[in-house]
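# Commentary on secondary and tertiary structure
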Amino acid sequence: MSQDPGYADTQVYFIRPYLPEAEIKQFWNEGYHITSLAYGDNQWVVIISQGAGYADTRPYVWRNYFPEAELQEYWTTGHHITSLAYGDPQWAVVMLQKQRG
């Protein structure tokens with residue numbers, strides 16, 4: 001984590017042996033977005049940030065296979081992969097879209 005990541009407000013992180021989907025959704029309702037995630041040592045680390053300059057769309061994909069077709073579909077709507085990790089047996093991919101103007 002950096003001392004000044006350039007985000008307008010705050011960051012929160014979770015360290016769990018599972019993807020903390022319910023906790024993430026709770027923070028999404030407060031304007032947070034996943035800005036990074038990783039898997040290692042049987043733990044998921046998810047960083048969510050508020051005021052990071054992303055649009056309200058919050059596509060993420062948790063799958064037991066690599067979701068290539070879904071990623072292609074999101075790319076056609078202007079989304080970019082911001083985080084990607086694999087934690088046996090699950091892929092986690094986060095895609096965000098920059099705010100316009």
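Look a little higher up for the structure.
Here goes a summary of the coordinates provided. (Residues numbered from 1 in each chain as written. Predicted model: local features only at pLDDT ≥ 70, side-chain atom pairs only at ≥ 80, totals over all residues. Heavy atoms only, no water.)

## Some thoughts on the overall build of the protein
Of regular secondary structure, the protein possesses two helices and six strands. Each helix and strand of the protein, ordered N terminal to C terminal, gives the series β-α-β-β-β-α-β-β. Each of the 101 residues in the protein was classed as buried or not, and the buried ones make up 34%. At a minimum sequence separation of 6, the contacts of the protein that also span at least 24 residues come to 58%. For the protein, the accessible surface area stands at approximately 6,200 Å², while carbon and sulfur atoms represent 48% of it. (Helix = DSSP H or I, 4+ residues; strand = E, 2+ residues; numbered from the N terminus. Buried < 20%, exposed > 50% of the residue type's maximum accessible area, 1.4 Å probe, protein only. Contact = heavy atoms within 4.5 Å. Areas by Shrake-Rupley, 256 points an atom, 1.4 Å probe, with all protein chains shown as cover.)

## Some words on a nonpolar patch on the surface
The grouping of Phe66, Trp75, Ile81 and Leu84 at the surface amounts to a nonpolar patch, some 350 Å² of accessible area in total. Tracing the sequence through the fold places Ile81 in strand S5 (residues 80-87). Residue Ile81 is classed as partly exposed on the basis of its relative accessible area, which comes to 35%. (Patch = residues over 30% accessible without salt bridge, like charges linked within 9 Å, V, L, I, M, F, W, Y side chains within 5 Å. Salt bridge = Lys/Arg side-chain N within 4 Å of Asp/Glu carboxyl O.)

## Quick notes on the pairing of strand S2 (residues 32-40)
As paired elements, S2 and strand S3 (residues 43-50) share eight bridges and run antiparallel to each other. Across the sheet, Ala38 pairs through a bridge with Val45, a residue of S3. (Pairing = 2+ DSSP bridges.)

## Regarding the sheet that holds strand S1 (residues 11-16)
Within the open sheet, the three strands sit side by side as S1-S3-S2. Their pairing is antiparallel. The open sheet has two edge strands, S1 and S2, and neither has a second partner. With direction set aside, neighbouring strand axes in the sheet form an average angle of 15°. Judged from the six bridges that link them, S1 and S3 form a sheet pairing that is antiparallel. Note that in S3 the partner of Tyr13 across the bridge is Ile47. (Axes fitted to C-alpha atoms, helices over the stretch in contact; angles between N-to-C directions.)

## Comments concerning the nonpolar core
Among the nonpolar cores identified, the biggest contains 16 residues, and Ile24, Ile34, Leu37, Val46, Ile48 and Trp62 are the most heavily contacted of them. Broken down by secondary-structure element, the contributors of at least two residues to this core are helix H1 (21-28), S2, S3 and strand S6 (90-96). (Core = buried A, V, L, I, M, F, W, Y, C linked by side-chain atoms within 4.5 Å.)

## As for the sheet that holds strand S4 (residues 60-63)
Read across the open sheet, the three strands follow the order S4-S6-S5; overall the sheet is antiparallel. Strands at the two margins of the open sheet, each flanked by one partner only, are S4 and S5. When strand polarity is set aside, the average angle formed by the axes of neighbouring strands in this sheet is 10°. In this structure, S5 lies alongside S6, joined through seven bridges in antiparallel fashion.

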